[in-house]
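Results of the structural survey
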Amino acid sequence: MDKFIIKGGTRLEGSIKISGSKNCSLALMASVLLAPGKYKIINTPDLRDVSTMSLLLENMGAKVDFSQNLLTIDTTGVNSYEAPYEHVKKMRASFYVLGPLLARFGRAKVSLPGGCAWGPRPVDLHIKAMQKLGAIISIEKGYVIAKTKKLKGNLIHFDISSVGATGNALMAATLAKGTTVITNAAIEPEITALAEMLVKMGAKIDGIGTTTLTIEGVDELYSCDFENIPDRIESATFLIAAAMTKGKIELNNTNYEHMTAVLTKLEESGCKISYDKKNIYLEMENSPIPTDIITSVYPGIPTDIQAQWTAYMLLAKGTSKITDTIYYDRFKHIPELMRLGADIDLVENTAIVNGGKQLSGAVVMSSDLRGSASLILAGLVAKGTTEVLRIYHIDRGYEKIENKLNSIGANIKRVKTDII
Ligand code: EPZ
């Protein structure tokens, strides 16, 4: 197990190259199951979740190679339609293979993902979508067993906007017989990029980027090369880190269009922001103005920055409200932030931050990916030393985070520890 030892109080100034999107790369990696052949996915981040997904694909017979952020996958030899528990339990996104396996093989045996640190993560919408396309589904010993002679196009309406369920339904529909219309589809950039890759593979999709996707099933798809989009959550995390230290940061290889809600909120909190095609610039001279956020589906404030924003508002003199409407219990980081001296009341799915108190370093425990990011951010500004344990959570979604932050003035050491 590794931990971070963070010496607080340094100002961040400099530029950071943003990595490819974790959440997009996982969807793109699942789509390669739809057609045999060789794929190149450019700008793939070097993350634990990508390794987990690579292992899952190799387990199914694919050949996977990864070097310098270029992922090459050969699915010619894929001969299994099973996603075993030991892979899916590590990463919910493994469930993305359900749709492609059903579409390609007419069979799928995928472990239910189970919950995560902050509570149940249901997959009922994924299952309903597959049933609408004609799959016969049973749940046996913790596995989703799905069968179909041939998927058939249909109307699929999602009562709740779901990134994963939209991705699964979209991938399955590309090889279904006839037309599928998906309404209330997620429009996160990761889904738009997935649809663009599927079109490159020969899929017929209309309405990309909107909440209504119309897919004309085709008989077969073909492998392709594709460039992953930048990671908008990593980008937001580093912008907040710089703002917390009254610093100045330039993000390279990012995309401001994917983060207009976050950039607007950062400006409201007192940051100076500018941007051009591939870069975002932020400068912050004062403590932040208390600024409330309410998370929502894209293009609103993403739930994946809720914990980081909470850390940020610890520095704002006054009260800020952070409400998560996507995950009502994604607040495991709050008791840990309180160990650093944070004054936060949790009322249902709203964290009420009474900011402006000096934070002091302590030993804190990561419980999930974005929660651990908020602990690191708080450690950057806490007086003295903060130790963040269980940073395998952070390695799931941030590529070499300590190197990137240290390159612009942070003081973070990664050390081995036998404390789990
Ligand atoms: C994706 O998860 C992301 N993960 C999550 O990022 C992100 O928090 C989430 O979307 C919301 O934006 C990946 O893309 C790999 P959902 P996903 O289905 O697809 C409910 C991170 O930190 N729901 O859009 O699993 C669900 O409980 C991760 O990078 C059902 O009820 O999220 C939630 O309340 C964490 N039934 C809401 O929908 C279902 O079948 C949105 O979830 C599916 C979802």
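Located above this text is the structure these notes cover.
All of these numbers come straight from a predicted model, not from anything done at the bench. (Residues numbered from 1 in each chain as written. Predicted model: local features only at pLDDT ≥ 70, side-chain atom pairs only at ≥ 80, totals over all residues. Heavy atoms only, no water.)

Once that is clear, we can look at the overall build of the protein. Secondary structure assignment for the protein yields 14 helices and 24 strands. Taking 2.2 N^0.38 as the reference for a compact globule, 420 residues should give roughly 22 Å; the C-alpha atoms of the protein span a radius of gyration of 21 Å, in line with that estimate. Overall, the C-alpha framework of the protein stretches about 65 × 40 × 40 Å when taken along its three principal axes. Within the span of the protein, comprising 420 residues, buried residues form 58% of the whole. For the protein, the accessible surface area stands at approximately 16,400 Å², while carbon and sulfur atoms represent 52% of it. Counting 48 positive and 44 negative side-chain charges, the protein places the averaged centre of each group 4 Å from the other. (Helix = DSSP H or I, 4+ residues; strand = E, 2+ residues; numbered from the N terminus. Rg over C-alpha atoms; globule rule 2.2 N^0.38 Å. Buried < 20%, exposed > 50% of the residue type's maximum accessible area, 1.4 Å probe, protein only. Areas by Shrake-Rupley, 256 points an atom, 1.4 Å probe, with all protein chains shown as cover. Lys, Arg positive; Asp, Glu negative; His and termini not counted. Charge placed at Lys NZ, Arg CZ, Asp CG, Glu CD.)

Residues in contact with the ligand amount to 23 residues; listed here are only the nearest, Arg 92, Asp 124, Ser 162, Asp 304 and Ile 326. One nitrogen or oxygen atom from the side chain of Arg 92 is found 2.6 Å from an oxygen atom belonging to the ligand. Within the side chain of Arg 370, a nitrogen or oxygen atom sits 2.8 Å from an oxygen atom of the ligand. Look at the ligand: alone it shows 820 Å² of surface, and the protein chains cover 87% of it. (Near = heavy atom within 4 Å. Polar contact = N/O pair within 3.5 Å; in protein donor to acceptor, adjacent residues only side chain to side chain.)

Next up on the list: the pattern of salt bridges. On inspection of all chains with the given rule, the structure shows 19 salt bridges. Glu 13 is the salt-bridge partner of Arg 11, the closest N and O atoms lying 2.4 Å from each other. Classification of Glu 13 by relative accessible area gives partly exposed; the value is 42%. Here the residues in one salt-bridge network are Asp 2, Asp 395, Glu 402, Arg 414 and Lys 416, joined through shared partners. (Salt bridge = Lys/Arg side-chain N within 4 Å of Asp/Glu carboxyl O.)

Along helix H1 (residues 22–31), 9 of the 10 residues are buried, which leaves the element largely enclosed by surrounding structure. Sitting at the head of H1, Ser 21 places a side-chain oxygen 3.4 Å from the backbone nitrogen of Asn 23.

In spatial order, the strands read E22-E23-E1-E24; together these 4 strands make up an open sheet with mixed pairing. Each edge of the sheet is formed by a strand with only one pairing partner; in this case those strands are strand E22 (363–365) and strand E24 (412–416). Here the average twist between neighbouring strands, direction ignored, is 25°. Note: E22 against strand E23 (residues 385–389), 3 bridges, orientation parallel. Residue pairing for E23: Val 363 is matched across the bridge by Glu 387. Seen against the sheet, helix H12 (residues 369–381) touches strand E1 (2–7), E22, E23 and E24 and runs at an angle of roughly 30° to E1. (Pairing = 2+ DSSP bridges. Axes fitted to C-alpha atoms, helices over the stretch in contact; angles between N-to-C directions. Contact = heavy atoms within 4.5 Å.)

Moving on, we come to the packing of aromatic side chains. A complete count under the given rule lists 2 aromatic pairs for this structure. Here Tyr 256 and Tyr 275 contribute two aromatic rings whose centre-to-centre distance is 4.0 Å and whose plane-to-plane angle is 20°, an arrangement assigned as stacked. A residue pair is termed long-range when its members are at least 10 positions apart, and Tyr 256 in the loop between strand E15 (248–252) and helix H9 (260–268) and Tyr 275 in strand E16 (residues 272–276) qualify at 19 residues. Assessed through its relative accessible area of 45%, Tyr 275 is described here as partly exposed. Summarising the aromatic geometry, the rings of Trp 309 and Tyr 312 are spaced 5.0 Å apart at their centres and angled 85° between planes, so their arrangement reads as edge-to-face. Of this pair, Trp 309 and Tyr 312 both sit in helix H10 (residues 306–313), separated by 3 residues, roughly a single helical turn. You can call Tyr 312 buried: its relative accessible area is 0%. The ring of Tyr 143 carries Lys 109 above its face, with NZ or CZ at 4.9 Å from the centroid. (Phe/Tyr/Trp six-rings, centres within 6.5 Å; stacked < 30°, edge-to-face > 60°. Lys NZ or Arg CZ within 6 Å of the ring centre and 35° of its normal.)

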